[in-house]
Structure formats: structure tokens, C-alpha cells
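Listed below are the residues making up each chain.
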Amino acid sequence: MSEATLLVPASVTAPAPRRSELAGPWRLMWWRFCRHRLAVAGGVVVLLMYFVATFAEFFAPFPPNQDAARYTFAPPQALHLFGPGWHFDPHVEGFRVTIDPMAMRRVFRPDPTQSIAVGLFVHGAPYRLWGLIPGDIHLIGPRDPSRPMYLLGADRLGRDVLSRLIYGGRVSLSIGLVGVTLSLILGIMLGGLSGLYGGWIDTAIQRLIEMLRSIPTIPLWMGLTAAIPLTLPPLEVYFLITIILSLIGWTSVARVVRGRFISLRTEDFIAAARLDGATTSGIILRHMVPNFASHIIATVSLAIPGMILAETALSFLGVGLHPPIVSWGVMLQDAQNIRAIASAQWLLWPGATVAIAVLAFNFLGDGLRDAADPYDN
Amino acid sequence: MSGQNGPELLRIEGLTKHFPPRRGFPGRRGSTVRAVDGVSLTIRQGETLGLVGESGCGKSTLGRCIVRLYEPTSGHMSYRTAEGQEVDLARIRGDALTRMRREIRMIFQDPRSSLDPRMSVFSIVSEPIRLAGERRPRVVRERVAGLLAQVGLREEHMDRFPHAFSGGERQRIGIARALALSPRLVVADEAVSALDVSVQAQILNLLQDLQEKFGLTYLFVSHDLAVIEHLSTRVAVMYVGRLVELAPAAAVFARPHHPYTEALLSAVPIEDPAEAGKRARIRVPGDVADPSAVPSGCPFHTRCRYARDVCRNEPPPLRDVGSGHLAACHFAEELELEGARNT
Amino acid sequence: MTTDGSNLLKVEGLTVEYASRLGTVRPLDGVSFELKRGHTTCIVGESGCGKSMTARAILQILDPPGRIAAGRILYHPTRGSAAIDIATLAPTGRHMRALRWGEIAMIFQEPMVSLSPVHSIGNQIAEAIRLHVRGADPRARGIEMLDRVGIPDAKRRADAYPFELSGGMRQRAMIAMALSCHPKLLIADEPTTALDVTTQANILDLLRTLREETGMTLLFITHDLGVVAEIADEVVVMYAGHVVEHGTVQQIFRAPAHPYTCALLESRPRRRHGRLAAIPGTVPAPHERPSGCVFRTRCGIAVPGLCDVKPPLPVSTGTEEHQACCHLAGTTPL
């Protein structure tokens, strides 16, 4: 058997590092996420919705509460791009209104002789963007703002459903965000305490979570929202509803955080940090938080649709937000009768937007959750 | 091997670590786990003390008690600092403990979990330096670069993340982190056990080189007898929380004085097919004793082929059985035990 | 030791591959070796060499998307019988299911993970017996096997669950399960790696005894050269998906012909102090294997222009049964 020691091979030259070797964990997560087409699509839809909701005043053709007694329950008007003779002339057709003597209600028929010109970036009703910046440009609208343009129909007061959908989106989507932020803060604090210290703190918090989760949510929320005085201004009602929704929402975040803390607590690198001289808060901030941040992001993006659905459900039942606030749930209240389903189906559009938003968030959240695990090669 | 007669660096007396029983676990009545049960030993400056034993023997727990990752239940650990003071590692807290943690460092077993996956190599290795008070960015960067060079890594590796490295390279990063503050005593807790054979050899060479260069003292915890023999000046053998033998490495491997050591040496497979067939292995019945249900008297008596009545009743003390060789067996002097089977 | 020197299993050019973002990856590339009837053959190698995957390929339990892309696995149930090419059998088909456990059985490294935690071990053994052995009382046979592998009080222990047993006991239970249908070939995938050294010694003794009593063939996969020296008759050395050397255990340990085998033997601490002859570098990842000879980037005697051009073919050194895949085998003394 040979006693010779091996020489260092001359061919040991380091190969150029691959992209994935130089990348940090966040970039790796981003690449993994981008491979999920459905998740990326969901993300795009979510971003689009929030963008439109942020600039609602610009995107909506009309103010949400502008009513028109002549056009109650007017059907949607089709948008024609070409006028007679095939020249580019976007317009909608006006209505010929007749009254049905038997049912005592208006019947709308499109009248080709009335051509209402539609344009982009038209001057319309003035607004103040976010209550601050004045303006009057709308993305799309009738050139003559006094003419009707109901791309998605009108509701029982003649208000444009499309505009209300956009403004309603602002409220419904933002409640999701604000509610989840509150849940996040509560959840991280309590979940962190629970996971870090264990013992009776852990037991107490976990039993509290279980108790809260065992209460049926809709009756609980109904009870709590019933306590809100009707005379309270809309903004305060909005925040109270958000707080009520977060009262249950924090529990799922807390559980995830606790789980991660417990699994991280026993990792060697946490022990090494203690030996390096790190304080407990230093360990939490520098080592634990970055290691569960990705899981939290995934949990949060899956919690937002829950909030949106909760607000929609409460407002639909009449115990959440109420007019003059516009949200998708409030709009659905108007659809709570046979007439909506039978003859004014466009009133159900808010249901579709809720479904699209929730689906998009779910795809996004699934993709984030799959991308979050750092040890998945 | 050098360091055999250096001054005492750490004297451990009667160290005990008991874990309380787990309540409410189905199938287990829950008794105290006596992970470390009254261990006394000394580590001399400059030596490598190999701590060997099988699962449940408490060697890892002992290492972690020394660095105070676990709080000892009782006992003293008298450590002589660089200034010559004697401090009891088991008692110190606060700033004193933080200062001691710069002199006594640890290398962990699992290269996957001993480095924070979200931090760059630079952050990982510089953390002890920063926490010790050095904030100047250039100085920190130079020191990290120097440490990485010592362990065989290059400067450009500083900005990469642990997932880009192999197991052996991650262990090197862990070693660089352990050396960051010029320690005197390094506890290597199964530092090479999770590595492939060829990489183990690289890391063992590295550890030896670093010991020579920086005058380090090692407490090398492992279950691999061949590695222990290669690296150690003296060897301590543990069984269910007790120290059963402590002597210079050559003596332990040539002629042990405790039946458990003999059994252990006999069980190690010999890497030579011609020798493997020659001598019969000593068969030890049963499995390793459970530290939550330690047998009475001598903990090894249930599996020992030399056991007699006294072994069941009285726990044997660890005593000198000749020329500094310590063994905890009633019949240590009388038994003629076989050493390791290698040539 | 009853042996008639014929081959029980012959693996020829076995290649396992799967498609990944980084291209086609071949964890196994052209692996060839033979298992002699009644002998113990050890496959030895480090992590990533493909030894576990070879075992799984033989039993057709590869994890998807891995699949056998090329090669044959010729199985001769009895001496002189016609060969069955296992690689052509459908993994979930009737033939393969009959082969699996009935004729070829496997024990794994982590018994806690490979035994079902919600069934008693007696139950699990009985299930295997019921599927493969006709006319036997599954429970009685199971208890008999547990007794044979040295589990004390087998009748009572048969109702125990895996978590109630120690590591050594679980491994014995796993061996009992594997042998309950009297297979002709037992594949042991690192069965003692997770065990204490004294327990390992007992399990190795058990396997040796059982093999002698039943005359079965044992394929033992490990990374521990000591274990190889203790129990192997033949040795197959693997590196990065290739077989680099194979021969009898004496040939491999006395006169290794491949630089990797040599380096592996040199790098273990063996009662000599001083520096170990470590192999520089690390095992290449499956998608980053060097061209030509897969070991050349870490080899001390690689010749540019020869070793980086084409992969080496097996070369006999000395006897027919000792072969090494090295361009320089037999020419340069190692």
C-alpha cells in the first residue's frame, strides 16, 4: 500500500461562481417565486387592483354617489368603437325609456340614434385625489359629462356600478391591508413571546388563541359591530370594523410565528450567536426575524383575502359598513332581492370582483409560501 | 505530542447536568435524565483532550455546559484566564460571562444549521468581532479576510451566503467564526462527524495546523475512535453521564483499564481485511443504557462480562490505577483488558 | 459459506437521469458490477456517489423524476436460470411487486423513518409475509423471525411500536421484516451508520450469521471502510455516479489501482499521527461533473490531454476480477 501523499493537483482552479452562488437568500426566493406562473399572475392582478383603487378618482368615470333618478336600474351600455362608416368613434348608445304599464317600471332599450361620445382622459366631475389634490381628468367617460354612460349598468338610485366598483375596491382592499397590519403586529408580539419563552406564557397564549378561534366568527363580529353607534362618522366606523376583524385575524399569524420561533430556537446558529455575545433582543432582530420574515409574508398574503371576505360578509349582512361608504359588501346589499337576480344581474358584479381578488391573493400567497423555504433546493 | 504537561487550563469538579422529566408524554413515566452525572476532569493548556462515548453518554452536554449553553445543575469549572485569574465558569454571569465566551469558543457539528442561512459569510464571521466592540469597518473587514485565509477560504467568499458552500467549506466558516477573537480553549462538538471521509481529513489537518499556529487547547468531542486517537493527547471515555476512563491516548488504546473502553475498542471495525478476521470481537449484549434509567452501582454492570455483585451495588469511583491512568472500575488493576485491534 | 461463484445479479451500464433546470442530470452514469451468489458485496463511496440510488434502481423505487435511462439489471434467480432484466419491468407492475421483498429485500439507514410509526412491528412483518408467502401463519412466522434476529421476548415485543424500541432493536426488526420472506438478495443501505459503534458491531455480526445460515447474497452499501473490511468479499468503489474500481476486498485494500481508492484509504486516520493525506477539493455536483475522467479535478496524477478528453474504460490490473477505471491504471505505481 502506498505511503505517498497526494500532490495538490494543478487542475484545481476554481470555476466561475454560478449566479445562484452569489445571490442572497432573498434573491433566491424571488427567483423561485418567479417560476410559479400562476403566482406571478396573481401578483400582477393584485397590484393592478391596488393601483386602480389608489387612483380611484381618476379611474372611475363618475363619483360614487352621483345618482340619476331617470336611470334607475339602467342596463349596461355596450361600448362601440366604430361609428357608421367604420371610422373610429368610441361611443355608447343612449336609452329609449318606456314605462311598462303592468309592472310599473322603466324599460330601457338602446337607442341607436342617440350616440354618446366616449373618450379617454376626459374632463368630468371634479374631485380631490385622496382628498388633497384637485383634478377633473377621468380615464374614460362621456365627452359630455351630463350624458349617461353606464358601462356596467346602474343601481337602484341610478348610480354607475363601474364607478362604485372602483371606489368600493378602495375600501374593501384597504381594509384587508390595514386589518392584516394590525394582526401582524399583535401576532408577531404574542406569537414571539409564546415561542421564545415557552412555559406558562406559551400555554396561556395558546389557550387564548384556541378560545378565540372556537367562537363562530360571524356572530361574534355581528355582536361587536352592533355595538358601534350608527351616528359615528364613516371613517371611524371603518377603523372600528378593521380592529374587530383583526381580533381574530392575529391568531393565525401568531401560530406561524410561534412555530418558527420554536424551530429556530434549537438551531445551532442561534446558540452560536449567544456564544458570540449577542443579547436576546439582538438574536431576535438579527437572526430570528430574517429567518421567519419570508413565512410571515406568505401567511399575510393568505390572510388578506380572509379579511376582504369578512368585511364583504358583514357589510352584506348589514352589520358592517353602511352607506354612504361604498364597499363591495355594501354594494352587494343592494343585490339581496329577487329583482337583482332576475332582471338587474349587473348588481352582482361586486361578487365577481371579490372572487377575483381573493383568488389572486391565494395564488400569490401560495407562490410566496412555496418560495419561502430556504432549504428547498 | 505537545501539551501533555502544560499548566492546568480548566479543572472541572463534580459537574452535573440533569434534565427534568417531561410531563404528560404518553408511554414514558418521565424520570430525570442524568445527562452528566458528577464528572471531574482537567484540561491542560496546549493539549487536545478527546472526549469519546456513544449516544446518551453526555459528552455533547458536557461540552455545552463548559460554554454555558446549558446551565450546570451543580459542580465547579475552575478556569484560568489569560491574566492568570481563576474563575468558576459555572457561576459567572453578565459581563464576566461575556468576556469568558471570547476565550472559550465552540465549533458545532452540523454545517447546515450552524450558519445563519440569511447572513453573508462576512456577517457571520464578523459578528463576534462586532459584538466585542470593534466597529471600524476596515479593521473588521481585514480581520475577517485574515480569518478566512487561515481556514483556506478566499476573500471573495465573504459576500456569499452559506447555501453556496459545501459541508466542508461551511465547517471552515464555522472554524473561522470560532477563532475570531483569538480564543484559548475551543470545544469541538463532533466537528467532523457530519462530513465525508475525504473532507474530514482536510478539516482534521486544518484543526491541527491551527492548534500549532495559535497554541490552542481543544476539547474534541466525538464518537469516532479513529479520529479521537489521531488527534488527542489524552482521552476521556464517558458512559451514561459518567467518566469511566481518562488517560493519555496511547495508553487508552494500547491497554485500557475499563471494560467499557475495551468493548468500545473491540467494536470498532478494522480497516484491514486480513486483520479483521483474526481476533474475535468482544460481544457486548444489549444496547447503550438510558440516561433516564441509569442502572444501579456501576452503570455498565448490566452489559459487562466481568461484572460481580459489588458492581451492582456500589458505584466505582474514578481513581488512579497506575501512572496517572484513571479508571472507574472496581477491578481496574486486576483485569487484563485488550487494546485496540489495529496493528 | 455456500457459494458457487455464479452471478446472482449483474448490472450493466446502468444510467439514471432526470431533467432539471440545469439540463439533464445523471446521478448514475454507466454503472456496472456483479453480485456473486452467496457473497457479500460492498458498495463504498462518499455522499453523492450514487450508491443509494443504485440500490433503489435495482428495486425500481427511484424517486421521480429520476428514471432508468439506459443499462440492464440482469437477475438470475437460480444458477443457470434465464436472466430477468429488472430494468425492463414496470416499477408498479405485478412482476416487480413479486420480486420486491419476495426475492430482493432492502433495509434502510434510518429505521425510525422506514418503519411505519402507527403499526406494531409484528403487524408490519405479517403484512410482508401475507403478500409473499403462501400457506404460512403470518403472526407466528413474524415472531419466529424476531426471535431469530435476537430480539428478546419476541412474542411480547411483536406488539410494540417502533418508537418503543431502541435504535438497535428497530434495525433488528427491520432485518426481520426483510428476511421474513427468505429473499435471495438483501440490500442493506447504510444500515449501521446511525447506530452506536457497539450496536453496529452486533448488527454486523447478525448480518454475517444470517447470511451464512441462509446462503443469501448481501449487497451492503456504506461509506465506512472499516465495515467494508470486516464483512465484504467483494468491493465496488463509486465516485460521482461512476464505478471507479471493483475487486475482492483483499485486492482493494492491499493493491488499490484507482487514485481515488488510494486516496480514500490514505485519508483515514490509522494509528499514525501527523498530517492526513487529504483529497483536495470537494465532490462535484451531478450537473457539474468534469469532462473525461470524473475524478481528474482532484487527482494527483491526472494527465492533461488524456484524462480530460474521454472517460476511462475499466482496465484489469492483475486478475480479471480486479478492474479500475483509470487511464493510468497498471502503468503508474500508486
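Preceding this section is the structure that the text describes.
Bear in mind the structure is a predicted one, so any value in this text is a computation, not a measurement.

Conventions used here
Residues numbered from 1 in each chain as written. Chains lettered and ligands numbered in written order. Predicted model: local features only at pLDDT ≥ 70, side-chain atom pairs only at ≥ 80, totals over all residues. Helix = DSSP H or I, 4+ residues; strand = E, 2+ residues; numbered from the N terminus. Rg over C-alpha atoms; globule rule 2.2 N^0.38 Å. Buried ≥ 20, exposed ≤ 12 C-beta atoms within 10 Å, placed from the backbone. Contact = placed C-beta atoms within 7 Å. Core = buried A, V, L, I, M, F, W, Y, C linked by C-beta atoms within 7 Å. Pairing = 2+ DSSP bridges. Axes fitted to C-alpha atoms, helices over the stretch in contact; angles between N-to-C directions. Parallel < 35°, antiparallel > 145°, perpendicular 65-115°, else oblique. Nonpolar A, V, L, I, M, F, W, Y, C, P; charged D, E, K, R; others polar.

Re the overall build of chain C
Then comes step 1: A count of helices and strands for chain C gives 11 helices and 12 strands.
Then comes step 2: Radius of gyration (C-alpha) of chain C: 20 Å, near the 20 Å computed for a compact globule of 334 residues.
Then comes step 3: Judged by the C-alpha coordinates and their principal axes, chain C covers about 65 × 50 × 45 Å.
Then comes step 4: Looking at chain C as a whole, 51% of its 334 residues qualify as buried.
Then comes step 5: Relative to all contacts within chain C whose residues are 6 or more apart in sequence, the contacts with residues 24 or more apart total 64%.

Some details on the overall build of chain B
Then comes step 1: Of the regular secondary structure elements, chain B holds 11 helices and 12 strands.
Then comes step 2: The C-alpha radius of gyration of chain B comes to 21 Å, within 12% of the 20 Å expected for a compact globule of 343 residues.
Then comes step 3: Dimensions of chain B, computed from the C-alpha atoms along their principal axes, are close to 65 × 50 × 50 Å.
Then comes step 4: Split into buried and exposed, the 343 residues of chain B put 52% on the buried side.
Then comes step 5: Put simply, of all contacts in chain B between residues at least 6 apart along the chain, 66% involve residues at least 24 apart.

Let's talk about helix H9 (residues 259–267) of chain B
Then comes step 1: By the criterion of burial, H9 of chain B is predominantly enclosed, with 9 of the 9 residues buried.
Then comes step 2: The set of residues buried in H9 of chain B consists of Pro-259, Tyr-260, Thr-261, Glu-262, Ala-263, Leu-264, Leu-265, Ser-266 and Ala-267 of chain B.

A closer look at the nonpolar core
Then comes step 1: Formed by 291 residues in total, the largest nonpolar core has its most connected members in Leu-219 of chain B together with Ala-173 and Leu-219 of chain C.
Then comes step 2: Looking at this core, the element that brings in the most residues is helix H10 (residues 280–317) of chain A, giving 13 residues.

Brief notes about the sheet that holds strand E12 (residues 323–324) of chain C
All names here are of chain C.
Then comes step 1: Across the sheet, which stays open at both edges, the 8 strands sit in the order E6-E7-E8-E3-E9-E10-E12-E11 with mixed pairing between neighbours. The sheet is open, and its two edges are formed by strand E6 (104–107) and strand E11 (315–316), each paired on a single side.
Then comes step 2: In this sheet, strand E9 (residues 234–239) lies alongside strand E3 (residues 40–44) in parallel orientation, the contact comprising 4 bridges. Paired with Ile-43 across the two strands is Val-236, which belongs to E9.
Then comes step 3: Contacts from helix H7 (residues 167–179) reach E6 and strand E7 (185–189) within the one sheet, and its direction differs from that of E6 by about 170°.

A word on the packing of helix H3 (residues 121–131) of chain B against helix H5 (residues 167–179) of chain B
Helix-helix packing is characterised by the crossing angle of the two axes and by the distance between the axes.
Residues and elements named next belong to chain B.
Then comes step 1: Taken N-terminus to C-terminus, the directions of H3 and H5 make an angle of 25°; their axes are 7 Å apart at the nearest point. Considering their axes alone, H3 and H5 lie roughly parallel with respect to each other. Here H3 contributes Val-121, Ile-124, Val-125 and Pro-128 to the contact with H5, which in turn contributes Ile-173, Ala-176 and Arg-177.
Then comes step 2: When its residues are assigned to classes, the contact of H3 with H5 shows 6 nonpolar, no polar and 1 charged.

Structural notes on the environment of Met-331 of chain A
Residues and elements named next belong to chain A.
Then comes step 1: With respect to the helices, strands and loops of the structure, Met-331 is situated in helix H11 (residues 328–333).
Then comes step 2: Classification of Met-331 by C-beta neighbours within 10 Å gives buried; the count is 29.
Then comes step 3: In contact with Met-331, other than residues within four places in its own chain, are Arg-164, Gly-168, Val-326 and Pro-350.

Section: the interface of chain B and chain C
Then comes step 1: Counting residues at the interface gives 35 residues for chain B and 36 residues for chain C.
Then comes step 2: Those elements that place two or more of their residues in the side of chain B that touches chain C are helix H6 (197–214), helix H7 (225–231), H9 and helix H10 (273–276) of chain B.
Then comes step 3: Per-element accounting of the side of chain B that touches chain C gives the leading share, 8 residues, to H6 of chain B.

Thoughts on the environment of Leu-359 of chain A
Residues and elements named next belong to chain A.
Then comes step 1: Along the polypeptide, Leu-359 turns up in helix H13 (residues 349–372).
Then comes step 2: Here Leu-359 falls in the partly exposed class, since 14 other C-beta atoms lie within 10 Å of it.
Then comes step 3: For the pair Leu-359 and Ala-68, spaced 291 residues apart in sequence, the C-alpha separation works out to 34 Å.

Details of the sheet that holds strand E2 (residues 23–36) of chain C
All names here are of chain C.
Then comes step 1: Across the sheet, which stays open at both edges, the 4 strands sit in the order E2-E1-E4-E5 with antiparallel pairing between neighbours. The open sheet has two free edges, formed respectively by E2 and strand E5 (84–85), since each of these has just one partner strand.
Then comes step 2: Note: strand E1 (residues 7–20) against E2, 9 bridges, orientation antiparallel. The residue of E2 that forms the bridge with Asn-7 is Lys-36.
Then comes step 3: Sheet strands in contact with helix H1 (residues 51–58) are E1, E2 and strand E4 (67–75), and its direction is about 75° off that of E2.

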